[in-house]
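If you want the building blocks of each chain, they are given just below.
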Amino acid sequence: MIQSIRGMKDILPQEMRYWRHLEHTARAVLEGYGYREIRLPIVEQTELFARAIGAATDIVEKEMYTFADRNGDSLTLRPEGTAGCVRAAIEHGLLHNQTHRLWYGGPMFRHERPQKGRYRQFYQIGVEVFGYAGPDIDAELILMTARLWRRLGINDLTLQINSLGSAGARAAYRGELVRYFSAHETGLDEDSRRRLHANPLRILDSKNPAMQSLIEAAPRLSNHLDAESQAHFSALCKQLDAAGVRYQINPRLVRGLDYYNRTVFEWTTERLGAQGAVCAGGRYDGLVEQIGGRATPAVGFAMGLERLAALLMENDAALQGAEPHAYLVTVGEAAERQSVILAEQLRDALPALRLLVHCGGGGFKSQLKHADKSGARFALILGDEEAAAGEISVKYLREDIMQTRMPQAKLAGFLSLHIT
Ligand code: HAM
C-alpha cells in the first residue's frame, strides 16, 4: 500500500476544527493590529535560502528539500517564510521609504528527524515587519502573540528573550567563543566540534548534558553587547514590564537561523516534550541588504501550527461551537421529498445555520442515534404525518425539555433564536 511520506501527516476532519479555530483566531488578532496578508510561493531559488538562513546552519546544511527542475535550476521547498517574504518585498519595491506589517501562512518543509511535534512538512503562520528600527515594534509583536494565546485559552507558555547585539558585537563575541571552546575542545561532542568554526554560537544551544557545565562557563554575549543594542533591549524589557508580560532573559537563546541581530524571542511550552517552541522570531536588520535590497530594519516571528493545535486539542478549547445546530431526520416517502426543500429554505433564511440532513436511509431510531452522535442540539423530525400537516417536530437532544411541534414556516424563526 502506498503510504504518506515520513514526517508528512494528514490532518483529519476531527482535527480540522482545532486548526480552523487557530487560523481564524490568529487572523483576527493579527488583522486587529493592522497586519496585512501576503501569499508567497512554496518554491524559491535555492540560493535565496542559502544566503538568508546561512550556509552553516542545520537547515541549509542538511534539511532542505532541494531539487533541479526541468530546466536544471536548483529550487528548494521553503523551509521557512522570512527569506521569501524579504525577496518579495524587495522585488515589489515595498521597502522604499515605507513601513509594512505583513503576515503569511502555509506549509514549510525541513528534512529533520520526525518525532512528536516535529514534522518534515509543517505549517506556520508568520509575521514580518519592515521599516521600524525601534524596540516599540518588538514589544508590539510580543504583546500581539500574548493576546493570541489569551484568545486561544493557552495560558501556560513561557516567554524567553535575549539580545544578540549588532553584527559587529556579535562578530567580536564569536571570536571570543571560538577561542574559549578551542581551548576546551576535548569537552565538545562531535556536532559541536563541527560547529566550532562555522557557527560557534549554536554550540550554546546544545542540549547534550555532558557539555552543560562547559557552556555555562562560556563567555556571555550580554557582556559584549554594543551600547545601542543594550539600550534597545532594556527599552523592550521596560515596555514588557509596563504591559505586564512576564519573560525570562535567556542568554543562551541564539536561534537556529543566522539572520538575527538584537532582539530574539521564543514562546515555549512544557506540554509537548522536546519540541517545546511554539512561536519564535526576532530582529533581522541586516537581511534585506544581504539579499540585495536597500538596508531596512526588520523583525518578525513564526508559530508552528501543529504544536499549537496539539495544545488546543489537549485543552479542548475549540470544541464548542463546531457541532451542527440541527440534524434533520426524515421518515416516510412524502417527508423525504419535502426534507431537501425544507433544508434548502432554512439555509437560505439562516446563512449561519449548521444543518446536517440525514442521508443513507434507516429507520427513525437509527437516524436519531446519528443525530445524537453528530453533537447537534436539535433533531428536526419530519415524518409523513408532519409533512401532511406542513409541520415539524423539534426534539431537544441535550436538554431535558419537551419535544415541540410547530408549522414549518416558523422553524427558521425558532432556530434563529438558538444559533450563535
Ligand atoms: P523557526 O524557529 O525555525 O523560525 O520556526 C518557527 C516555529 O515553527 C517554531 O517555533 C516551531 O513552532 C515551528 N517549527 C519549526 N520547525 C518545525 C518542524 N519541523 N515541525 C513542526 N513545527 C516546526 C522561523 O522559521 C523564522 N522564519 C521565524 C521568523 C520570522 N523570524 C523572523 N521572522
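The structure displayed is predicted, hence computed values, not measured ones.

Asker: I'm lost on the sheet that holds strand β1 (residues 36-37) in this one. Help?
Answerer: Remark on secondary structure: sheet strands pair via backbone hydrogen bonds, oriented parallel or antiparallel. The strand order across the open sheet built from eight strands is β1-β5-β6-β11-β10-β9-β7-β8, with neighbouring strands paired in mixed fashion. Each edge of the sheet is formed by a strand with only one pairing partner; in this case those strands are β1 and β8 (248-249). Helix α4 (residues 82-91) contacts β5 (100-109) and β6 (121-130) of the sheet and is inclined by roughly 40° relative to β6.

Asker: Whenever I open this one, the sheet that holds strand β15 (residues 391-396) confuses me. Can you help?
Answerer: Spatially, five strands are ordered β13-β12-β14-β15-β16 in an open sheet, and the strand pairing comes out mixed. Each end of this open sheet is capped by a strand with a single partner; those strands are β13 (355-357) and β16 (404-407). Within the sheet, the average angular offset between the axes of one strand and its neighbour, ignoring direction, is 25°. Sheet topology note: the strand β12 (residues 326-331)/β13 ladder contains three bridges and is parallel. Among the inter-strand pairings, Ala 326 is bridged to a residue of β13, identified as Leu 355. In this fold helix α13 (residues 364-373) packs onto β12, β14 (378-383) and β15, with an angle of close to 170° to the strand it touches most, β12.

Asker: Where do I start with the domain arrangement of the chain in this structure?
Answerer: Many authors give the size of an interface as the accessible area that is lost as the parts come together. You can read the domains of the chain as domain 1 (13-166 + 226-314) and domain 2 (326-416). Look at where the C-alpha atoms of domain 1 and domain 2 centre, and you get two points 47 Å apart.

Asker: Mind showing me how you'd approach the side chain of Ser 206 here?
Answerer: Its place among the elements puts Ser 206 in the loop between α7 (190-198) and α8 (212-216). Judged by relative accessible area, which is 12%, Ser 206 ranks as buried. If we skip the residues at most four places from it in the chain, Ser 206 touches Asp 189, Ser 192, Met 211, Gln 212, Ile 215 and Arg 252.

Asker: Would you mind showing me how to read a nonpolar patch on the surface here?
Answerer: Residues Ile 42, Val 43 and Phe 67 make up a contiguous nonpolar surface patch of roughly 210 Å² in combined accessible area. With respect to the element layout, Val 43 can be found in strand β2 (residues 43-45).

Asker: When you look at the site of the ligand in this model, what are you seeing that I'm missing?
Answerer: In the vicinity of the ligand there are 27 residues, among which Glu 80, Thr 82, Glu 112, Glu 128 and Tyr 260 approach most closely. One of the backbone N or O atoms of Tyr 119 is found 2.9 Å from a nitrogen atom in the ligand. One of the side-chain nitrogen or oxygen atoms of Arg 255 is found 2.9 Å away from an oxygen atom of the ligand. For the ligand, whose free accessible area comes to 660 Å², the fraction covered by protein is 96%. Sorting the residues of the shell around the ligand by element identifies β6, β10 (277-283) and β11 (298-304) as the ones contributing at least two each. For the shell around the ligand, the leading source of residues is β10, giving six residues.

What counts as what
- All chains use their own residue numbering, which begins from 1 and follows the written sequence.
- Two thresholds apply to this predicted model, a pLDDT of at least 70 for residue-level local features and 80 or more for giving and counting side-chain atom pairs, whereas whole-chain, interface and lining totals are computed over all residues.
- In computing side-chain values, all of the structure's heavy atoms are included and hydrogens and water are not.
- We treat two strands as partners when DSSP finds at least two bridges between them.
- Only DSSP runs of H or I reaching four residues or more are called helices, and only runs of E reaching two or more are called strands; each is numbered from the N terminus.
- Note on contacts: a residue pair is in contact if any heavy atoms of the two residues lie within 4.5 Å.
- To get an axis, fit a line to the C-alpha atoms, keeping to the stretch in contact for a helix; angles then go from 0 to 180 degrees between the N-to-C directions.
- Domains are outlined according to an automatic or database domain assignment.
- Three labels apply to residues, based on accessible area from a 1.4 Å probe with only protein chains included: buried if under 20% of the type maximum, exposed if over 50%, partly exposed otherwise in between.
- Patch membership needs two things, relative accessible area over 30% and no salt bridge, and members are linked within 9 Å if like-charged or within 5 Å if nonpolar (Val, Leu, Ile, Met, Phe, Trp, Tyr).
- Where accessible areas are quoted, they stem from the Shrake-Rupley method and a 1.4 Å probe; at the residue level, only the protein chains shown are allowed to cover.
- Any Lys or Arg side-chain nitrogen found within 4 Å of a carboxyl oxygen on Asp or Glu counts as a salt bridge.
- Any residue with a non-hydrogen atom lying within 4 Å of a molecule or strand is treated as near it.
- Any pair of nitrogen or oxygen atoms within 3.5 Å is treated as a polar contact; in protein, a donor-acceptor pairing is required on top of that, and neighbouring residues in sequence qualify only through side-chain atoms on both sides.

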